[in-house]
Amino acid sequence: MNEIEFLRITAPFKDKVFRLAKRLLISTEKAEDATQEILSKLWIKSENLFKFNSVEAFAMTMTKNYCLDQLKSKRAQNVKINHDNYTDKAPRLDKVVEDGDSLNWVEKIINQLPEQQKMLIQMRDIEQYEFEEIAKILQMNEIAIRVALSRARKTIRENMTKIHSYGIE
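Rules and cut-offs
- Residues numbered from 1 in each chain as written.
- Predicted model: local features only at pLDDT ≥ 70, side-chain atom pairs only at ≥ 80, totals over all residues.
- Heavy atoms only, no water.
- Helix = DSSP H or I, 4+ residues; strand = E, 2+ residues; numbered from the N terminus.
- Buried < 20%, exposed > 50% of the residue type's maximum accessible area, 1.4 Å probe, protein only.
- Contact = heavy atoms within 4.5 Å.
- Areas by Shrake-Rupley, 256 points an atom, 1.4 Å probe, with all protein chains shown as cover.
- Patch = residues over 30% accessible without salt bridge, like charges linked within 9 Å, V, L, I, M, F, W, Y side chains within 5 Å.
- Salt bridge = Lys/Arg side-chain N within 4 Å of Asp/Glu carboxyl O.
- Lys, Arg positive; Asp, Glu negative; His and termini not counted.
- Charge placed at Lys NZ, Arg CZ, Asp CG, Glu CD.
- Core = buried A, V, L, I, M, F, W, Y, C linked by side-chain atoms within 4.5 Å.
- Expected span 1.5 Å × (residues − 1).
- Arc of directions from axis to C-beta.

## With respect to the overall build of the chain
Looking only at helices and strands, the chain has 8 helices and 0 strands in total. Counting over 169 residues, the chain shows a buried share of 40%. Looking at the chain alone, contacts between residues at least 24 apart form 67% of all its contacts between residues at least 6 apart. For the chain, the computed accessible surface area is about 10900 Å², with 51% contributed by carbon and sulfur atoms.

Shown next as structure tokens:
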């Protein structure tokens, strides 16, 4: 396989690889490194890529495994946590601040979820993968995915309700 064919195959999901890596590793720099590493590994295996039903699913599985390995390694102790400032295009400053605060809270809550639920939220709600694709990537039953996703969403919803209730019950 030549470089042009490889780029044509990997271009549609390169950003998804990065976003999953960023969700798991938090650091933009580590996510960029992970993406580069995954693409390098895919290039090395490029002659055998066609034996996989879905190259994208294979790449996402590689990304998940690579990131989890990085988190388990001793290098994970040196990971710097960076929180992005999210902005809204709303003209009112108070709305922008409130929305940014809510997004930061949601991100914090997601980062406190178990790894499996964190990946499911990323893949289903952010990346918009279908349940069938997630099942292939994570090697899980679709019903188990739905249950875990429901629990993750419930945890996020309950925590956000507590945050926004301001002590009023």
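## Looking at the environment of proline 12
By secondary structure assignment, the location of proline 12 is in the loop between helix 1 (3-10) and helix 2 (14-25). Accessibility expressed as a relative area gives 59% for proline 12, which makes it exposed. Sequence spacing of proline 12 and glutamate 56 is 44 residues, and the spatial spacing of their C-alpha atoms is 8.5 Å.

## Description of a negative patch on the surface
Side chains of Glu29, Glu32, Asp33 and Glu37 sit close together on the surface and give a patch of like negative charge. Mapped onto the elements of the fold, aspartate 33 is located in helix 3 (residues 28-44).

## Notes on the pattern of salt bridges
Side chains that differ in sign of charge can pair as their charged atoms come close. Per the stated rule, a full pass over the model turns up 7 salt bridges. Between glutamate 130 and arginine 124 there is a salt bridge, with the nearest N and O atoms lying 3.9 Å from each other. The partly exposed category is assigned to arginine 124, whose relative accessible area is 22%.

## Focus: the nonpolar core
Note on soluble globular proteins: their nonpolar side chains tend to be buried together. Formed by 42 residues in total, the largest nonpolar core has its most connected members in Leu42 and Leu138. Ranked by the residues each element gives to this core, the list is headed by helix 4 (residues 55-72), at 9 residues.

## Considerations on helix 3
Every α-helical turn comprises 3.6 residues, leaving residues that sit three or four positions apart pointing alike. Spanning 17 residues, helix 3 covers 24 Å between terminal C-alpha atoms, matching the ideal 24 Å at 1.5 Å per step. Looking at helix 3, one finds that the buried residues are Ala31, Ala34, Thr35, Ile38, Leu39 and Leu42. Each buried residue of helix 3 sits inside an arc of 130° when the element is viewed along its axis, so together they form one side. Facing away from the buried side of helix 3 by more than 90 degrees, the exposed set consists of Gln36 and Ile44. Lining the buried residues of helix 3 we find helix 1, helix 2 and helix 4.

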